[in-house]
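Per-entry structural report
Listed below are the residues making up each chain.
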Amino acid sequence: MSTPIRIRRMILREIRMPLVEVFTISSGTESDRRALLIEVTDDDGVSAWGECVAFDQPNYSAETIETAAIAIERWLGPRVIGRTFEDPREVLPALRRGVEGHFMAKAGVEMAIWALVAEKRRVSLATLLGGVRKRIEVGISLGIQDSPEAIAARAERAVADGYRRIKLKIKPGKDVEYVRAARRALGDHVKLSVDANAAYTLADMDHLQKLDEFGLLMIEQPLRAGDILRHAALAKRLRTPICLDESITCVDEAEDAIACGAARLINIKPGRVGGLAESIAIHDASRARGVPNWCGGMLETGIGRAMNVALASLENFSLPGDISPSARYWQKDVVFPEWTMDANGFIDVPFDRPGLGVAVDMDRIDAGAVWRIVVK
Ligand code: OSB
Ligand code: MG
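The paragraphs below set out a description of the structure included in this document. (Residues numbered from 1 in each chain as written. Chains lettered and ligands numbered in written order. Predicted model: local features only at pLDDT ≥ 70, side-chain atom pairs only at ≥ 80, totals over all residues. Heavy atoms only, no water.)

Turning our attention to the pairing of strand β3 (residues 47-52). Side chains on a regular strand alternate between the two faces of the sheet. With five of six residues buried, β3 is to be regarded as a mostly interior element. Pairing geometry for strand β2 (residues 28-42) and β3, over six bridges, is antiparallel. Paired with L36 across the bridge in β3 is C52. Between β2 and β3, which pair antiparallel in sequence order, lie four residues; one of them, G45, sits at a positive phi of approximately 85 degrees. (Buried < 20%, exposed > 50% of the residue type's maximum accessible area, 1.4 Å probe, protein only. Helix = DSSP H or I, 4+ residues; strand = E, 2+ residues; numbered from the N terminus. Pairing = 2+ DSSP bridges.)

The structure is reproduced here in structure tokens:
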């Protein structure tokens, strides 16, 4: 069923969201999340929201809040405002024309339009994406702590909270002994993984092999994003499967990484790949090759989280995602109802509610707003 929509207006807002728990990865620390929200309105006056997941600093990738705001205001907004789309899959090609990079900026715009189409057709975003899972398995990503004892205690608390997979951030000097302490505290039955955010090189090969003894589900992005062949070389020496995150920004890169043995698993973050259409393409390519997916996280507000929940309902998302409930991140989220996890570690996918399945709390947005731009 096709419902043509014409985008009439786009408003960009930055809001500030203090994190409940400081989050440290190998390349930097996040404590006050700056979030970039995109509101689109069509000719019928129907509005929907998207979130651009860029951070304050260019440590995870080159994009930041500022570069994304410039990209949207100057190049991406003008490519969609006043245009008619028959299908949300037409949006990313329009955004790509003449614009390299800026994946998170593109994704923020694209996802807002998916949400708008779902809203207008009165179907859930999960239905529109082809989702089949009624509830999704929840994992938690734990930031680097000051000591092995601290990460072990934090991980134990997460298991008690119901999380179905524990992921530990690691970096050189805070790896083997930290993982050993966590594994000892949790026991062998808990699904445990690590994420290096590109902090190692092939010179660390012997050191990384020491992680093999802990029965990890995976090691995520040990090497630099561009090091596809080096990941393949490392994979030959590790028992622990390698999962790629930063390296994969489009379906072609996913296919290449799988083909050369660089990745046995692929984490999909819509923000990293230009949105939901490309996420589905990576999902389909992974499934066709027998490679499991899971949905990554970027410390999203409840808006970006709605996109992740809907995406993670697709069939090949067979491992728990980094999609924790609102309260793990925020004192008060920007949506209601907030995203909640049950005691068994599942989040329900809101198939029975149209669009994102949550309402945006305008009072909360206005209270946290730093600036607002109407894109021309
Ligand atoms: O690599 O998955 C990552 C957070 C910031 C930057 C990179 C990553 C992460 C996470 C957070 O792991 C996951 C979450 O949103 O809970
Ligand atoms: Mg990662």
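On to the site of ligand 1, then. Surveying the vicinity of ligand 1 reveals 17 residues, the closest of which are S141, D195, N197, L299 and Y329. Side-chain polar atom of K269 to an oxygen atom of ligand 1: 3.0 Å apart, as the coordinates give it. Calculation on ligand 1 without its partners gives an accessible area of 390 Å², and the protein chains cover 99% of this total. Elements with a contribution of two residues or more to the shell around ligand 1: β1 (5-25) and β7 (166-169). (Near = heavy atom within 4 Å. Polar contact = N/O pair within 3.5 Å; in protein donor to acceptor, adjacent residues only side chain to side chain. Areas by Shrake-Rupley, 256 points an atom, 1.4 Å probe, with all protein chains shown as cover.)

Around the magnesium ion (ligand 2), the protein contributes the donor atoms D195 (OD), E220 (OE) and D245 (OD), at 2.0 to 2.3 Å from the metal centre. Here the donor residues for the magnesium ion (ligand 2) map to a single chain with the spacing D-x24-E-x24-D. Here E220 lies in strand β9 (residues 219-220) and D195 lies in strand β8 (residues 192-195), a separation of 25 residues in the sequence. Judged by relative accessible area, which is 0%, E220 ranks as buried. (Donors = N, O, S within 2.8 Å, 3.2 Å for Na, K, Ca; no water.)

Another aspect to go through is the environment of T127. Among the structural elements, T127 can be located in helix α4 (residues 125-129). For T127, a relative accessible area of 41% translates into the label partly exposed. For the pair T127 and S26, spaced 101 residues apart in sequence, the C-alpha to C-alpha distance is 36 Å. Of note is the side chain of T127, whose polar atom sits 2.6 Å from the side chain of S124.

Within this model, the largest pocket holds a volume of roughly 160 Å³. In this structure, the largest pocket is lined by Y60, S61, A62, E63, H102, F103, M104, A225, E246, T249, G271 and R272. Contributions of two or more residues to the lining of the largest pocket are made by α3 (103-121) and α10 (270-273). Class assignment of the residues belonging to the lining of the largest pocket gives a composition of five nonpolar, four polar and three charged. (1 Å grid on protein atoms, 1.4 Å probe; cavity = no way out; pocket = protein on both sides within 12 Å on 5 of 7 lines; lining within 4 Å. Points joined across faces, edges and corners; volume = space filled by probe spheres on them. Nonpolar A, V, L, I, M, F, W, Y, C, P; charged D, E, K, R; others polar.)

Okay, the side chain of T41 next. Secondary-structure assignment places T41 in strand β2. Side-chain polar atoms of T41 contact the side chain of S47, separated by 2.9 Å. Beyond its immediate stretch of four places on either side in the chain, T41 contacts R6, I7, R8, R9, V46 and S47. (Contact = heavy atoms within 4.5 Å.)

Taking strand neighbours across the sheet as the criterion, the seven strands line up as β6-β7-β8-β9-β10-β11-β12 in an open arrangement whose pairing is parallel. Edge positions in the sheet fall to β6 (140-142) and β12 (293-295), since each has one partner strand and no second. Pairing between β6 and β7: three bridges, direction parallel. Within β7, the residue paired with L142 across the bridge is L168.

In this structure the tally under the stated criterion is four cavities of 30 Å³ or more. Volume-wise, the largest cavity comes out at about 270 Å³. Of all the elements in the fold, those that place two or more residues in the lining of the largest cavity are β1, β2 and β7. Broken down by class, the residue content of the lining of the largest cavity amounts to seven nonpolar, seven polar and nine charged. Its volume calculated, the second largest cavity comes out at about 50 Å³. S124, L125, A126, A306, V309, A310, V349, P350, G355 and L356 are the residues that line the second largest cavity. Of all the secondary structure elements, the ones that give two or more residues to the lining of the second largest cavity are α4 and α12 (302-311). Examining the composition of the lining of the second largest cavity, we find that three residues originate from one element, α12, more than from any other. Grouping the amino acids of the lining of the second largest cavity by side-chain chemistry returns eight nonpolar, two polar and no charged.

In short, geometric facts, not functional conclusions.
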